[in-house]
Structure formats: C-alpha cells, structure tokens
Amino acid sequence: MGRFYTLLQLNAVNNFGLKASGKLLGTITVLDAFGGGLGIWATGAIYDAYGSYQNAFMIFCVLVALSVVLISQVKKARVARYGTCARLFLTKVF
C-alpha cells in the first residue's frame, strides 16, 4: 500500500497533466479518507449481521476487480518525448 501512495502524485501528473493534479489529488484524498472510514464501519456491520467476515471479503474482492477494470480505462495525457514530471525536472535542472 505504501508503494502506491509514494507514486500517487507522479501517476496523477503523468496521466492527467499538471493543471488537473491539484483537484485530482484533493479529490482522491477526500474519497480515500471517506472510503477508509466507511469500509471499517461496513465490515463491522456485515460481521455483526452474518457472524463472519466472508461476505465482507467477497464484497471487497468485487470492488477490487471493479477498480482494476476502471483503472485500466485511464488514458495517459499526451506529452512530448518525456513524461510530464520528467520534462519539468529536465527543464529546471539542465
């Protein structure tokens, strides 16, 4: 999980461009916090209702599969020879 968050900003800029990255990262942060809290509560409610974590795990698996399908539909932003972050770095350093 930590590896994903380390590259989150880079992926956002490379896939959606520098202009959209602020709004996008803000939205991701809010949804991440909301989903984390809701997920813990929903897992507990499902355990209380069914006496097992199996149903919660199955729902989690379906949501992960849906996420993989949705993420695979993201198109990269069109940039010149280098990715957006690499290009910004190269223009400031060299």
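Residues numbered from 1 in each chain as written. Predicted model: local features only at pLDDT ≥ 70, side-chain atom pairs only at ≥ 80, totals over all residues. Heavy atoms only, no water.

## Considering the overall build of the protein
- Within the protein one finds 4 helices and 0 strands.
- The helix and strand sequence of the protein, counted from the amino end, reads α-α-α-α.
- For the protein, the proportion of its 94 residues judged to be buried stands at 11%.
- Considering only contacts within the protein whose residues lie at least 6 apart along the sequence, 50% involve residues at least 24 apart.
- Accessible surface, the protein as shown: approximately 7800 Å² in total, 70% of it carbon and sulfur. (Helix = DSSP H or I, 4+ residues; strand = E, 2+ residues; numbered from the N terminus. Buried < 20%, exposed > 50% of the residue type's maximum accessible area, 1.4 Å probe, protein only. Contact = heavy atoms within 4.5 Å. Areas by Shrake-Rupley, 256 points an atom, 1.4 Å probe, with all protein chains shown as cover.)

## Re the confidence of the model for the protein
- For the protein, the mean per-residue pLDDT works out to 80, and 76% of the residues sit at or above 70.
- The element-level mean pLDDT for the protein is lowest in helix H4 (residues 84–93), coming to 53, with helix H3 (residues 54–72) highest at 92. (pLDDT = per-residue confidence, 0-100.)

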